[in-house]
Every structure is written in structure tokens, then in C-alpha cells.
Amino acid sequence: MRLIEKVWFQGHAAKWWLVPLMLPLSILFWGVSVFRRLLFSLGIKKSIRINCPVVVVGNIGVGGNGKTPVVLFLVEQLLKQGIKVGVLSRGYGGKAPYYPYLLTEQSTAREAGDEPILIYQRCQVPVVVGADRIAAAKQLIELGCQIIISDDGLQHYRLKRDYELLVVDGNRLFGNGLLLPAGPLRETTQRLNSVDGIIVNGVKSLDGCERINDSLIKSKTVKHFMQLSARRIVNVKSGEVIELANFIQAQPKVNALAGIGDPQRFFSYVAELGFSLNKQQGFVDHQAYQPSLFDDIDQPIYPENTEQIENDHHKIPLLMTEKDAVKCTEFAQEHWWYLPVDACFTEQSKALLITELMGLLNPTK
């Protein structure tokens, strides 16, 4: 974790000089944000409505909060209802040959970004990336999509949206509560009151949050509580799928890496599943990988026996997130595995979310 993140989320002692140093910039950031949103509210800047319902899944802070699992959940549920759904994304970390860029089977994370590739490979629905979300959304409409899910883009007010879901990390919440760069927030917690739903990731109720946040407690916006669940493990190189319980029984000791907003969340979850972590290594979110980055973490199980080291099957399994795996397929080793996770909600939340999304398609009913 970077020092600034320790200041934001852990109250590191450096806050006593970093926060005062950055606070003037945070005030400036707040002023620009308020002015920008005012321009959209007054119609000076235009919010463009497209001929298709748009659902935005976003957050008000930086770093991973669990948006992608929510997008996957919504897409899968809509597909079960027979709805043709498309996904649009900024494509952070990718550099496509042109924009808007429609993903294909040949697309790579270098072109489209890791999260769009993950969504496309998991759901097999149209996914378009690009900074111009209006153009991306129009391309999805041309492909026959009946509803569009925007992966992030809560602050992209140029695209008018019909439904907003704000995802909150139930452990880190809003950090020190300050705006960038003194804190992790892109908008103030007042935004909790203007979205259609709040999804709190990682806890079963507000009582389970490690921190207490008055804004979250007092917000009258409907709240859904989400847990991430893993049932299987997949080989990065071959695509072989093994039931999680069987894998843990056969190979309980693993090395682990994660290049997400909060790597420790992944490591803690791996341990909760029953794995014994030999070594762990965190990287920044959207880390671009190359083979040399794995030298430290990818250690053999028998370091004293060179003959066994040469055999991949005698190395400790290296476990990573699905988001990391899509960037490692070109140079993956046989003992590299990833852990796909699914968003789980209560039946009540699940029914409410799907009913409200289906209502966007049938507004008169």
C-alpha cells in the first residue's frame, strides 16, 4: 500500500504533514467539482439522453470497491430475463487502436483494459470502451442492446443516466472523508442521498462495518449488502476448472498476488477460504504485468531440491484475482491459478434490484 493510501485509510502518522499540505488542493478540487455539476444542473453543459436505459455502477472514491462484480451480477441477471444488455467502460489501462472500441475474442487487456476484458470473457455480451461514453453507448444501441450498464462513470454527467448504484467498501468506507488529494473521495458523501441505491460490499449489515460513518447511516437511500463468494478455481494457462474445496484439500499452501484497489482484501479472503499463505505480494490497481515481476512471489515449494524446482507441478500454486489473470495469459505458468468471485445478495435485495432494472424497460407498468 502506498503511503498516501495509508494516510487516507489507516490514519498513518504522515497525515499530520501530508493532509495540511494537500488540503488547499482538495478545496480547489471541491470548488471545481461543484461548479462543474452546477453547469450541468443549469443546462449550460448538456447531459445527453440516449434512446436506451443507462445504469451506472460507480463510487465516490478511488480504488476498488467491488464495482465489477456488481456489473457482472446485473448483466447475468438481465440475461436470465432474456434482455440483451451491453456494457460500456472507460477502459482504464488500455490503449485501443481506435475509439469507441468494441471488444472481440482477439482483444487484449493492453487494448481494452483489464476490467472490460474480464466482463467480456465472463458474460459474452457486447462491451465497448472509450472516453466518449455517448459514442460508446450509441454503438451498443446499434448492436441491439436494450439496456446499458456503465462500469464506473458516476461523475461522467454528460451521459444522462436512468439509474445509479453507488458501491461502497464496507471495510474502508470513505477513508478520512476528505476529497482528493488529501483524501480518497471524488465527491462528498452528500452524493449518497442522490443515487438510487447503495451497495455495501463485504458486510451483512452496517453493524459489520469496521468504521462508523454517519453519512452512510443517515442516508435514506435504499441499501443492499453484498458478499463476494468463490466456488471454483481456474488455471490461468489451460483454463482447467477445479472445485475450490477439492483444490484446497489437495494444495492448501499457496503464494498470492493482487493488483487491485485493496490487495489485502484479497489476501484476507484467501486465508478465510482455508488456504495457507506462504507469500503474498500486492501491486497497484490495474498493474501492467511482465514475467520479471513474478520473480519474488513465484517461489518453489522445494527450494533445496533443484531437480524438483524444474517441474512446475512441484511449485507452490500462485493464486491471483481474475482481474490479474486476464493480463497474464500470454506468459502464464502451469501452476498459476485465479479465483473468480461472484456477488451475492439477499433474495430481497436481488429481487428489488432486478425489478427496478426491468422497470426501466417498461416504465409505464
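Reading the values: the criteria
- Residues numbered from 1 in each chain as written.
- Predicted model: local features only at pLDDT ≥ 70, side-chain atom pairs only at ≥ 80, totals over all residues.
- Heavy atoms only, no water.
- Helix = DSSP H or I, 4+ residues; strand = E, 2+ residues; numbered from the N terminus.
- Rg over C-alpha atoms; globule rule 2.2 N^0.38 Å.
- Buried < 20%, exposed > 50% of the residue type's maximum accessible area, 1.4 Å probe, protein only.
- Contact = heavy atoms within 4.5 Å.
- Areas by Shrake-Rupley, 256 points an atom, 1.4 Å probe, with all protein chains shown as cover.
- Lys, Arg positive; Asp, Glu negative; His and termini not counted.
- Charge placed at Lys NZ, Arg CZ, Asp CG, Glu CD.
- Pairing = 2+ DSSP bridges.
- Core = buried A, V, L, I, M, F, W, Y, C linked by side-chain atoms within 4.5 Å.
- Salt bridge = Lys/Arg side-chain N within 4 Å of Asp/Glu carboxyl O.
- Polar contact = N/O pair within 3.5 Å; in protein donor to acceptor, adjacent residues only side chain to side chain.

**Student:** How would you explain the overall build of the protein chain if you had to name every residue and give the values?
**Tutor:** Scanning the protein chain from N- to C-terminus turns up 12 helices and 15 strands. Taken against the 2.2 N^0.38 rule, which gives 21 Å for 365 residues, the C-alpha radius of gyration of the protein chain at 21 Å falls within 12% of a compact globule. Buried positions account for 50% of the 365 residues belonging to the protein chain. A separation threshold of at least 6 residues defines the contact pool for the protein chain, and within that pool the share at least 24 residues apart is 71%. When the accessible surface of the protein chain is totalled, it reaches about 17500 Å², and 53% of it is carbon and sulfur. Distance between charge centres in the protein chain, computed from 39 positive and 37 negative side chains, equals 10 Å.

**Student:** Please provide a residue-by-residue account of the pairing of strand β6 (residues 163-169), values included.
**Tutor:** The buried count for β6 comes to seven of seven residues, which makes it a mostly enclosed element. Judged by which residues are buried, β6 turns out to be covered on both faces: Tyr 163, Leu 165, Val 167 and Asp 169 on one side and Glu 164, Leu 166 and Val 168 on the other are all buried. Bridge count between strand β1 (residues 54-58) and β6: four bridges; the pairing is parallel. Bridging across to β6, Val 56 finds its partner in Glu 164. Across five bridges, the pairing between β6 and strand β7 (residues 197-201) is parallel. When the sheet's bridge partners are listed, Val 167 is paired in β7 with Ile 199.

**Student:** Go over the nonpolar core, please, and point to the residues and values.
**Tutor:** Counting 39 residues, the largest nonpolar core has Leu 74, Val 75, Leu 78, Val 87, Leu 103 and Ile 149 as its most contacted members. Considering every element that reaches this core, the biggest residue donor is helix α3 (residues 67-80), with seven residues. Apart from residues lying up to four places away in sequence, Leu 103 is in contact with Ala 112, Pro 116, Ile 117, Tyr 120, Val 127 and Val 129. By size, the runner-up hydrophobic cluster in this structure holds 29 residues, among which are Ile 134, Leu 140, Val 195 and Ile 198.

**Student:** Let's hear about the pattern of salt bridges: which residues, and what values?
**Tutor:** For the coordinates displayed, the defined rule picks out 19 salt bridges. The closest approach of N and O atoms between Glu 164 and Arg 161, which form a salt bridge, is 2.7 Å. Of the residues examined, Glu 164 reaches a relative accessible area of 7% and is grouped as buried. Members of the salt-bridge network, linked through shared partners, are Glu 76, Arg 122, Arg 231, Arg 232, Glu 322 and Asp 342.

**Student:** How would you sum up the side chain of Lys 323? Please name residues and give values.
**Tutor:** In this fold, Lys 323 is placed in helix α11 (residues 322-325). In this structure the side chain of Lys 323 is engaged in a polar contact, spanning 2.9 Å, whose partner is the side chain of Glu 115. There is a polar contact of 2.5 Å between the side chain of Lys 323 and the side chain of Asp 285.

**Student:** So, unusual backbone geometry: which residues are in play, and what are the values?
**Tutor:** In this chain, Tyr 99 is followed by Pro 100 through a cis amide linkage whose omega measures -10°. Mapped onto the fold, Pro 100 is located in the loop between β2 (85-89) and β3 (101-102). The residue after Leu 180, namely Pro 181, is reached through a cis peptide bond having omega 0°. Position of Pro 181 among the secondary structure elements: in the loop between β6 and β7. We note that Gln 124 has phi near 55°; this positive angle belongs to a residue other than glycine. Structurally, Gln 124 can be placed in the loop between α5 (114-123) and β4 (127-129). Positive phi values are uncommon outside glycine, yet Leu 173 reaches one of about 50°. The exposure class assigned to Leu 173 is buried, which follows from its relative accessible area of 7%.

It is worth stressing that arrangement in space is one thing and function is another; only the former is reported here.
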